[in-house]
Amino acid sequence: MQKTQQNSRLTMRILHLSDSHGKHHQLKDLPKADIIVHSGDISEDGTEEEVLDFLNWFCDLNYQYKIFVAGNHDLCLDGEHIEGLPENCNYLCNSGVEIGSMKFWGVPHFLSNELNGDIVQIIAKIPKETDVLITHRPPYGILDFEDNNNFGCVDLLQIVQKIQPKYHLFGHIHAGYGFEKSQHTTFVNSSLIRKNNIVNKPFLLEI
């Protein structure tokens, strides 16, 4: 875990969004919450300029805590660390943060990890005690269906079934927008974009 932060609330509200693809400035009047979480594809072409523009916007938002992971479009973040973020803003790259009693863990989606086979080891390191898992890619068969195919990750599904987090937050498959509950986990795909426009709304969750 990167750091432990305190929150005196018995419950916390999370605003979850994903796949804004550089259109974050179009998001107005976002609901109030304690934590805002972005599940990746913060940019369209993955340039440093796009990512910096997102970070300036994200860090200025009026939320007590902010968490984001990288998506497959966010190419300039592959293998890079982000320095100089405000203390309440956390970039999770196969890492976690504890806020109050809730443990968050974030996994990016870099194609390089798929090609070199690292993704299996990365997923296997997700801690068993994770309360909120944040990824870009969905688990296989859950809110991952588009163009007559399931695009989720089998290894991710298996680890989620094993560790049973309270929430699994993701995006990536725009047509999979929605939420689904199993016995132990609530799955949320908050992809905002359809046909290159923001048409979906973020999900407001309470834990």
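See the structure above.
A brief report on the enclosed structure follows.

Definitions and limits used
Residues numbered from 1 in each chain as written. Predicted model: local features only at pLDDT ≥ 70, side-chain atom pairs only at ≥ 80, totals over all residues. Heavy atoms only, no water. Helix = DSSP H or I, 4+ residues; strand = E, 2+ residues; numbered from the N terminus. Rg over C-alpha atoms; globule rule 2.2 N^0.38 Å. Buried < 20%, exposed > 50% of the residue type's maximum accessible area, 1.4 Å probe, protein only. Patch = residues over 30% accessible without salt bridge, like charges linked within 9 Å, V, L, I, M, F, W, Y side chains within 5 Å. Areas by Shrake-Rupley, 256 points an atom, 1.4 Å probe, with all protein chains shown as cover. Salt bridge = Lys/Arg side-chain N within 4 Å of Asp/Glu carboxyl O. Lys, Arg positive; Asp, Glu negative; His and termini not counted. Charge placed at Lys NZ, Arg CZ, Asp CG, Glu CD. 1 Å grid on protein atoms, 1.4 Å probe; cavity = no way out; pocket = protein on both sides within 12 Å on 5 of 7 lines; lining within 4 Å. Points joined across faces, edges and corners; volume = space filled by probe spheres on them. Phe/Tyr/Trp six-rings, centres within 6.5 Å; stacked < 30°, edge-to-face > 60°. Pairing = 2+ DSSP bridges. Axes fitted to C-alpha atoms, helices over the stretch in contact; angles between N-to-C directions. Disulfide = S-S within 2.5 Å. Core = buried A, V, L, I, M, F, W, Y, C linked by side-chain atoms within 4.5 Å. Contact = heavy atoms within 4.5 Å.

Moving on, we get to the overall build of the chain. A tally of regular secondary structure across the chain gives four helices and 16 strands. For 207 residues, the compact-globule estimate of 2.2 N^0.38 gives 17 Å, and the chain sits close to it at 15 Å. Structurally, the chain occupies a C-alpha span of about 40 × 35 × 30 Å along its principal axes. Across the 207 residues of the chain, 54% fall into the buried class.

This part is about a negative patch on the surface. Residues Glu48, Glu49, Asp78 and Glu80 make up a contiguous surface patch of negative charge. Within the secondary structure, Asp78 sits in the loop between strand S4 (65-68) and strand S5 (89-91).

If you walk through the whole model with that rule in mind, you get one cavity of 30 Å³ or more. Computed from the structure, the largest cavity encloses a volume of approximately 90 Å³. Taken together, Val107, Pro108, His109, Glu114, Ile119, Ile123, Thr135, His136, Arg137, Cys153 and Leu156 make up the full set of residues lining the largest cavity.

A few words now on the packing of aromatic side chains. Summed over the entire model, instances satisfying the criterion amount to eight aromatic pairs. A ring pair is formed by Phe54 and Phe68, whose centres lie 5.9 Å apart and whose planes are at 65 degrees; its orientation type is edge-to-face. Placement of Phe54 in helix H1 (residues 48-60) and of Phe68 in strand S4 is noted, with a sequence separation of 14 residues between them. Among the aromatic side chains, those forming a connected cluster through ring pairs are Phe54, Trp57, Phe58, Phe68 and Tyr91.

On to the sheet that holds S5. Read from one edge to the other, the open sheet built from five strands follows the order S5-S4-S3-S2-S16, with strand pairing classed as mixed. The strands lining the two open edges of the sheet, one partner per strand, are S5 and strand S16 (203-206). Neighbour to neighbour, the strand axes of the sheet diverge by 20 degrees on average, direction disregarded. Taken together, the four bridges between strand S3 (residues 35-38) and S4 define a ladder with parallel strand orientation.

As enumerated under the stated definition, the model contains zero disulfides in all. Among the cysteines around Cys93, which has no disulfide bond, Cys76 carries the closest sulfur, lying 12 Å off. This cysteine, Cys153, is not joined by any disulfide, and Cys93 carries the nearest cysteine sulfur, 16 Å off. Residue classification places Cys153 among the buried residues on the basis of a relative accessible area of 7%.

This structure, assessed with the given rule, holds three salt bridges. Residues Glu114 and Arg137 are paired through a salt bridge, measuring 3.1 Å at the closest nitrogen-oxygen approach. Of this pair, Glu114 sits in helix H2 (residues 111-115) while Arg137 sits in the loop between strand S8 (132-135) and strand S9 (145-146), and the two are 23 residues apart along the sequence. Take Glu114: its relative accessible area is 29%, and that puts it in the partly exposed class.

This part takes up the nonpolar core. One finds Ile36, Phe54, Phe58, Phe68 and Leu77 to be the most contacted residues of the largest nonpolar core, which totals 21 residues. Of all the elements in the fold, those that place two or more residues in this core are strand S2 (13-17), H1 and S5. If one sorts the elements of this core by residue count, H1 sits on top with six residues. Of all hydrophobic cores here, the second largest spans 20 residues; its members include Ile14, Phe104, Ile134 and Val188.

This brings us to the side chain of Asn72. Within the fold, Asn72 resides in the loop between S4 and S5. Residue classification places Asn72 among the buried residues on the basis of a relative accessible area of 18%. What Asn72 contacts, discounting residues up to four positions off in sequence, is Asp41, His109, Leu111, His136 and His172.

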